[in-house]
Amino acid sequence: MNTVKGKQTSARSKWLNLLSALRRDQSLYLLALPGILFFLVFKYIPMWGIIIAFQDYSPFRGIQGSEWVGLQHFTELFANPDFALLFRNTLAISLLNLILFFPFPILISLGLNELRSVAYKRLIQTIIYMPHFLSWVIIAGLTLLLFAKGTGLINELFTLWGWPRVDILTNPDSFWVMVTLQAMWKEAGWGTIVFLAAMASVDTQLYEAARMDGAGRLRQIWHITLPAIRSVIIVLLILRLGDIMEVGFEQIFLMYNGAVSEVAEVFDTYVYRTGIEQGDFSYSTAVGLFKSVIGLVLVVVANRVVKRMGQEGVY
């Protein structure tokens, strides 16, 4: 009897503490409310729709009336002869992004952090931020104007100088590198914001002490700046691994053509073709769910590895 009363008292005490905390920080919770509603309405509630990955979904019968088929669509995906091709192309572009694109903003940030002229630093930042605000349609158009084999500016210059024309847009060997360089040009500047903010929090006395000990700029970067932003780099790397199956539908779709179809078909474009063009909603949802599961597993594994190495991780 006393045990039951003790549990009731403990539960009531927890509720009172929760209400007290809500009342105390009500302004903060109200500030966070729009963001929470956004995620609930546009992220969590639509997740209910993934159930059609396990159904033979028909828009006329709806989710409740469609036939349950279990893992049939996943079995079809893994047995599909295109699966290996899709997996190879998606993974290759993601790995190139991870190897070339991910460290690029860090290098730019380190360079900007070393600039002593504030005006020059802001000018460079503004110039490298601007491509982020261009749509992929504009970037694909610029790429076509520059590198088209027949009328592209680069090839016109090559012809003027007596050099042979280069075929980049329809060359399967250069497609992965081309989309990676496009992404680097568009987003590298925007990616520096987080790293520059982390570098701004480094205690300047550490640099002064290092200079007094005779350390040059490279040694200061290696022994002070990089260790100071290590946790930020690790968190962003883990989050990037979560998107390893996402290579950007819009960019790949715009740069896609028949000559590069063998290297340009990725899971994102495959979902579009099967789901939107062919109307196979259940199968395309299964493909999308497969991508999400791979990303989730990578995040969990990477976070666990990072924690075992003594770092903080994402959660």
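From a predicted model like this one, the values you see are computed outputs, not experimental measurements.

Enquirer: Give a description of the side chain of Asp 268 that names residues and reports values.
Expert: For Asp 268, the position within the fold is in helix H16 (residues 267-277). The class of Asp 268 is buried, set by a relative accessible area of 8%. A polar contact of 3.4 Å, which involves the side chain of Asp 268, links it to the backbone nitrogen of Gly 248.

Enquirer: So what's going on with the environment of Tyr 272? Which residues, and what values?
Expert: With respect to the helices and strands, Tyr 272 occurs in helix H16. With sequence-adjacent residues up to four places away left out, Tyr 272 is seen in contact with Phe 249, Phe 253 and Glu 277.

Enquirer: Summarise the packing of helix H13 (residues 230-242) against helix H17 (residues 281-308); cite the residues concerned and give the values.
Expert: Running from amino to carboxyl end, H13 crosses H17 at an angle of 155°, the nearest separation of the two axes being 7 Å. Between H13 and H17, the interaxial angle falls into the category roughly antiparallel. For the crossing formed where H13 meets H17, the hand is right-handed. Side by side, H13 and H17 meet where Ile 234, Ile 238, Leu 241 and Gly 242 of the first sit next to Gly 295, Leu 298, Val 299, Ala 302, Asn 303 and Val 306 of the second. Partitioning the contact of H13 with H17 into residue classes produces 7 nonpolar, 3 polar and no charged.

Enquirer: I'd love a proper account of helix H8 (residues 136-147), names of residues and values included.
Expert: Spanning 12 residues, H8 covers 16 Å between terminal C-alpha atoms, matching the ideal 16 Å at 1.5 Å per step. Of all the positions in H8, only Trp 136, Ile 139, Ala 140 and Thr 143 are classed as buried. Angularly, the buried residues of H8 cover 100° about the axis, an arc narrow enough to put them on a single face. The exposed residues of H8 that point more than 90 degrees off its buried face are Val 137, Leu 144 and Leu 145. The secondary structure elements touched by the buried residues of H8 are helix H10 (172-200) and helix H14 (249-255).

Enquirer: Please provide a residue-by-residue account of the packing of aromatic side chains, values included.
Expert: For the structure on display, the rule yields 21 aromatic pairs. For the pair Phe 54 and Trp 68, a centre-to-centre distance of 5.8 Å together with 15° between the ring planes defines the contact as stacked. Here Trp 68 lies in strand E2 (residues 67-68) and Phe 54 lies in the loop between helix H2 (26-44) and strand E1 (55-56), a separation of 14 residues in the sequence. In this structure Trp 68 comes out as exposed when scored by relative accessible area, which is 53%. Just above the ring of Trp 136 sits the side chain of Lys 186; from NZ or CZ to the centre is 5.2 Å.

Enquirer: So what's going on with a nonpolar patch on the surface? Residues and values would help.
Expert: Where nonpolar side chains cluster on the molecular surface, the patch consists of Leu 30, Leu 33, Ile 36, Leu 37, Phe 38, Phe 39, Leu 40, Val 41, Phe 42, Tyr 44, Ile 45 and Met 47 and spans about 1,200 Å² of accessible area. On the secondary structure map, Phe 38 appears in helix H2. Residue Phe 38 is classed as partly exposed on the basis of its relative accessible area of 40%.

Enquirer: Give a description of the environment of Leu 144 that names residues and reports values.
Expert: Note that Leu 144 resides in helix H8. For the pair Leu 144 and Ile 168, spaced 24 residues apart in sequence, the C-alpha separation works out to 9.7 Å. Aside from chain neighbours lying at most four places away, what touches Leu 144 is Gly 152 and Leu 169.

Enquirer: Describe in detail the pattern of salt bridges, supporting the description with residues and values.
Expert: All told, the structure shown has 8 salt bridges when counted by the stated rule. A salt bridge links Glu 246 to Lys 291; the shortest N-O distance between them is 3.5 Å. Linking Glu 246 in the loop between H13 and H14 with Lys 291 in helix H17, this pair joins segments that are 45 residues apart in sequence. A relative accessible area of 8% places Lys 291 in the buried class. Three or more residues joined by partner-sharing salt bridges are found here, namely Glu 114, Arg 116 and Arg 217.

Enquirer: Which residues make up the packing of helix H7 (residues 118-129) against H10, and what values go with them?
Expert: Where H7 meets H10, the closest approach of the two axes is 7 Å, and the angle between their N-to-C directions is 135°. One finds that H7 runs oblique with respect to H10. Residues Gln 125, Ile 128 and Tyr 129 of H7 form the contact with H10, whose participating residues are Gly 189, Trp 190, Thr 192, Ile 193 and Leu 196. Looking at side-chain class alone, the contact of H7 with H10 contains 5 nonpolar, 3 polar and no charged residues.

Enquirer: Mind laying out a negative patch on the surface, listing which residues take part and the relevant values?
Expert: A cluster of like negative charges, contributed by Asp 56, Glu 67, Glu 76 and Asp 280, occupies part of the molecular surface. We classify Asp 280 as partly exposed; its relative accessible area is 32%.

Enquirer: Which residues make up the nonpolar core, and what are the values?
Expert: Leu 77, Ile 238, Phe 267, Tyr 270 and Val 287 are the most contacted members of the largest nonpolar core, which totals 17 residues. Secondary-structure elements contributing two or more residues to this core are helix H5 (83-101), H13, H16 and H17. Looking at this core, the element that brings in the most residues is H17, giving 6 residues. For Phe 267, the residues in contact, after removing those within four places along its chain, are Phe 83, Leu 86, Phe 87, Thr 90, Met 245, Val 287, Phe 290 and Lys 291. Core analysis: the next-biggest nonpolar cluster, separate from the first, contains 14 residues, Ala 140, Leu 169, Met 178 and Ala 264 among them.

Quick notes on the rules
Residues numbered from 1 in each chain as written. Predicted model: local features only at pLDDT ≥ 70, side-chain atom pairs only at ≥ 80, totals over all residues. Heavy atoms only, no water. Helix = DSSP H or I, 4+ residues; strand = E, 2+ residues; numbered from the N terminus. Buried < 20%, exposed > 50% of the residue type's maximum accessible area, 1.4 Å probe, protein only. Polar contact = N/O pair within 3.5 Å; in protein donor to acceptor, adjacent residues only side chain to side chain. Contact = heavy atoms within 4.5 Å. Axes fitted to C-alpha atoms, helices over the stretch in contact; angles between N-to-C directions. Parallel < 35°, antiparallel > 145°, perpendicular 65-115°, else oblique. Left-handed = near helix turned anticlockwise from the far one by under 90°. Nonpolar A, V, L, I, M, F, W, Y, C, P; charged D, E, K, R; others polar. Expected span 1.5 Å × (residues − 1). Arc of directions from axis to C-beta. Phe/Tyr/Trp six-rings, centres within 6.5 Å; stacked < 30°, edge-to-face > 60°. Lys NZ or Arg CZ within 6 Å of the ring centre and 35° of its normal. Patch = residues over 30% accessible without salt bridge, like charges linked within 9 Å, V, L, I, M, F, W, Y side chains within 5 Å. Areas by Shrake-Rupley, 256 points an atom, 1.4 Å probe, with all protein chains shown as cover. Salt bridge = Lys/Arg side-chain N within 4 Å of Asp/Glu carboxyl O. Lys, Arg positive; Asp, Glu negative; His and termini not counted. Charge placed at Lys NZ, Arg CZ, Asp CG, Glu CD. Core = buried A, V, L, I, M, F, W, Y, C linked by side-chain atoms within 4.5 Å.

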